[in-house]
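Each chain is listed here by its residues.
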Amino acid sequence: MKDSDRAERGAVRLVDVSKRFDQTFAVRSFNLQVRPGEFLSLLGPSGCGKTTTLRMLSGFETPDTGEILISGKSVAGLPPYKRDVNTVFQAYALFPHMSVAENVSYGLMQKHVARGEINRRVGEALEMVRMVSFAKRSPKQLSGGQQQRVALARALVNQPSVLLLDEPLGALDRKLREEMQIELKLLQSQLGITFIFVTHDQEEALSMSDRVAVMNEGEIVQLDTPDTIYEDPNSAFVAGFIGQQNFFNGVAQEQGRLVTNELVNLSSSRKHSQIIANESNVLASVRPETISLQVADNAATHGVSLNRIEGELASIAHLGDSVQLIIRVPGRSEIISKYSRSDAPNIGVGTTVSCSWSDLDVHVYPTSTNER
Amino acid sequence: MLWILFYSFGYKPDLYHSIATDRLSLGQYKLAASSTFFQTFMGTLRISLTGTALCFLIGFPFAYWLSVRVPPSRRPIFLALILIPFWTNFLVRTIGWRILLAPSGIFAGVLHFLGLHSTALEVLDTRGAVQLGVVYNYLPLMILPLYVALDRLDPGLREASKDLGAGRVRTLFKVTIPLVSPGIIAGLLLVFIPLSGDFITATVLGGAKGNMAGRMIYDQFLVAQNWALGSAMAVVLILLIAAVVLFFGLIAIVGRHIIRYRRRVELAIAV
Ligand SMILES: Nc1ncnc2c1ncn2[C@@H]1O[C@H](COP(=O)(O)OP(=O)(O)O)[C@@H](O)[C@H]1O
Ligand SMILES: [Mg+2]
């Protein structure tokens, strides 16, 4: 933390930034510190203010209140073309009347870099994204992934202190997207440039980032490493947004160490992120991969049991490296269980199974009104 | 068209016939290019070129403003306003200007009221009046293609340009204008070509001083009944228009190559 307090190239700070369109907040009391060379993702559902945040950094929107500092200096009043940041736009926005090389050279031309150096740096940038052989083509003749690479080269060739990426992989198909994720991450660690990466895809954010800021309705709800975000979501919103969850409504007992409802009781040995009052309504969550299945014995106990619920195995889906099992439980929505392929239990569809989990894997959140 | 070309080599046999083509010659062209008529041709070109330029200088900023600054919901209002004059007859709205510009008309009144002009307004029947009428009559033909082209331009491209360090002016010249150039060319041609042949605007607002080639040709056909000379003049006018268009077209092509050459990138790495 101390590092980022120093004014350093590539550090980004947003202090209490708010932006309203008409009467509604697009971004609200936004506080964020990005360290130099960090790969930080803004993750959240569509319309939560990610693009607006990015546009305030690049200078295309002006915050109503608050302050933005890039490399330690306030950028208030600086137009986009005077900021030491570059953007990779969602739709790439390549200039259709210029060749690939000319597109990449555009930023350097604006800075009146000498022609020899432009030629060299454009070549290097195209080499970096493996597009040298396409230098003379028109952007219209390129595939989506190739255009994406050119857009990246066009931004990086300027050696900005911060690179902003607005859902850059959103338009690519899955396989290409996964390849580009790896490439982007490698590039970023090689170059050491601060990346602020906007996405609504939680897998993408978790797999690429040093830290993830989960946003909802214009605010950051959690800012943590991908690991912590996944393992320890601080609210039901984050828990539901990141990965799959099995949610259980219930009433809290023992400050949230026990959650009861008419079908099942859940005990939790985790530290809660919020204080939970007895007898308050809560939401308990259990990840699919922590739920294990056994064939239920016939002399089933019909009462309410602890960390265990019975149902009928309704479907088995093979997802490549994992297997997802859906269990239908009378009186509530389905329960999802996930196993890695090699560990999947050999149970047929239609069997009555009992799902169980450990109290280490139960998270408890107060029920708030703004949940999905 | 071919008849006109053919007639232009004929002659006017006597007072009572409009055309004879038993002897073909270039005589009518000599006449058409003689100094009196030549002056009219040059005057016409000058009015058309200035008119086209003025239409562009007014039309482009307006179309830009409309497509960039005005929210989409309010654009139809402005487009309708531009088109309202087109609902009335060309002649009628030009005559309308006569009323406005009359020595004691509304403009004179306003200028007088503002203290800018005290004596009677003497705009009417001058080249200035013709120029004004021309801009008014042809501006929509410039604005519409420009607006369509600008409206289709992805605003993200302008942002990308600014993001890469280009200011407003550079963005205008390096991204916006090159990308809307088909619209610009369409607008220029749409104004220049009909304007060069226009005789109503000049006749109504210019009086004797606003004599334009279109009017001259009209006179030869319908007043002097000299179809041969009229045809020759028409051919000269068409050739002149073609020459001007070609001239500017060449300049545009050369300019484009120069721009291409200046922004070229030669990679040091072997491709
Ligand atoms: N230019 C604008 N005018 C009015 N409302 C806007 C504008 N830009 C964004 N908004 C609103 O602000 C909110 C946040 O938008 P945005 O930042 O684009 O979200 P995201 O990128 O996370 O999907 C949305 O409700 C959107 O409708
Ligand atoms: Mg967005």
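Heads up: the structure comes first, above all this text.
Thresholds, definitions, all that
Residues numbered from 1 in each chain as written. Chains lettered and ligands numbered in written order. Predicted model: local features only at pLDDT ≥ 70, side-chain atom pairs only at ≥ 80, totals over all residues. Heavy atoms only, no water. Buried < 20%, exposed > 50% of the residue type's maximum accessible area, 1.4 Å probe, protein only. Helix = DSSP H or I, 4+ residues; strand = E, 2+ residues; numbered from the N terminus. Arc of directions from axis to C-beta. Contact = heavy atoms within 4.5 Å. Patch = residues over 30% accessible without salt bridge, like charges linked within 9 Å, V, L, I, M, F, W, Y side chains within 5 Å. Areas by Shrake-Rupley, 256 points an atom, 1.4 Å probe, with all protein chains shown as cover. Salt bridge = Lys/Arg side-chain N within 4 Å of Asp/Glu carboxyl O. Buried area = accessible area lost by both parts, 1.4 Å probe. Polar contact = N/O pair within 3.5 Å; in protein donor to acceptor, adjacent residues only side chain to side chain.

**Some thoughts on helix α11 (residues 213-223) of chain B**
All names here are of chain B.
Here's step 1: Taken together, the buried positions of α11 are Ala 213, Gly 214, Met 216, Ile 217, Gln 220 and Phe 221. In an axial view of α11, the angular spread of the buried residues amounts to 165 degrees, which keeps them on one side of the axis. Among the exposed residues of α11, those pointing more than 90 degrees away from its buried face are Leu 222 and Val 223.
Here's step 2: Packing partners of the buried residues in α11 comprise α3 (35-68), α9 (168-197) and α12 (227-262).

**A look at a nonpolar patch on the surface**
All names here are of chain B.
Here's step 1: Where nonpolar side chains cluster on the molecular surface, the patch consists of Ile 106, Phe 107, Val 110, Phe 113, Leu 114 and Leu 132 and spans about 610 Å² of accessible area.
Here's step 2: The element that contributes the greatest number of residues to the nonpolar patch is helix α6 (residues 106-114), accounting for five residues.
Here's step 3: As for its position among the elements, Phe 113 is in helix α6.
Here's step 4: Residue classification places Phe 113 among the exposed positions, given a relative accessible area of 73%.

**Brief notes about the interface of chain A and chain B**
Here's step 1: Contact residues are listed per partner, giving 35 residues for chain A and 29 residues for chain B.
Here's step 2: Here chain A packs against chain B, burying approximately 2800 Å² in sum over the two surfaces, 60% of which is carbon and sulfur.
Here's step 3: Our count for the contact surface shared by chain A and chain B stands at two salt bridges.
Here's step 4: The partner of Arg 55 of chain A in a salt bridge is Glu 159 of chain B, and the shortest N-O contact between them spans 2.9 Å.
Here's step 5: For the pair chain A and chain B, the interface holds 13 residue pairs in polar contact (both at pLDDT 80 or more).
Here's step 6: Put simply, the parts of the chain that give the side of chain A that touches chain B at least two residues each are α2 (50-58), β6 (85-88), α3 (100-110) and α4 (115-128) of chain A.

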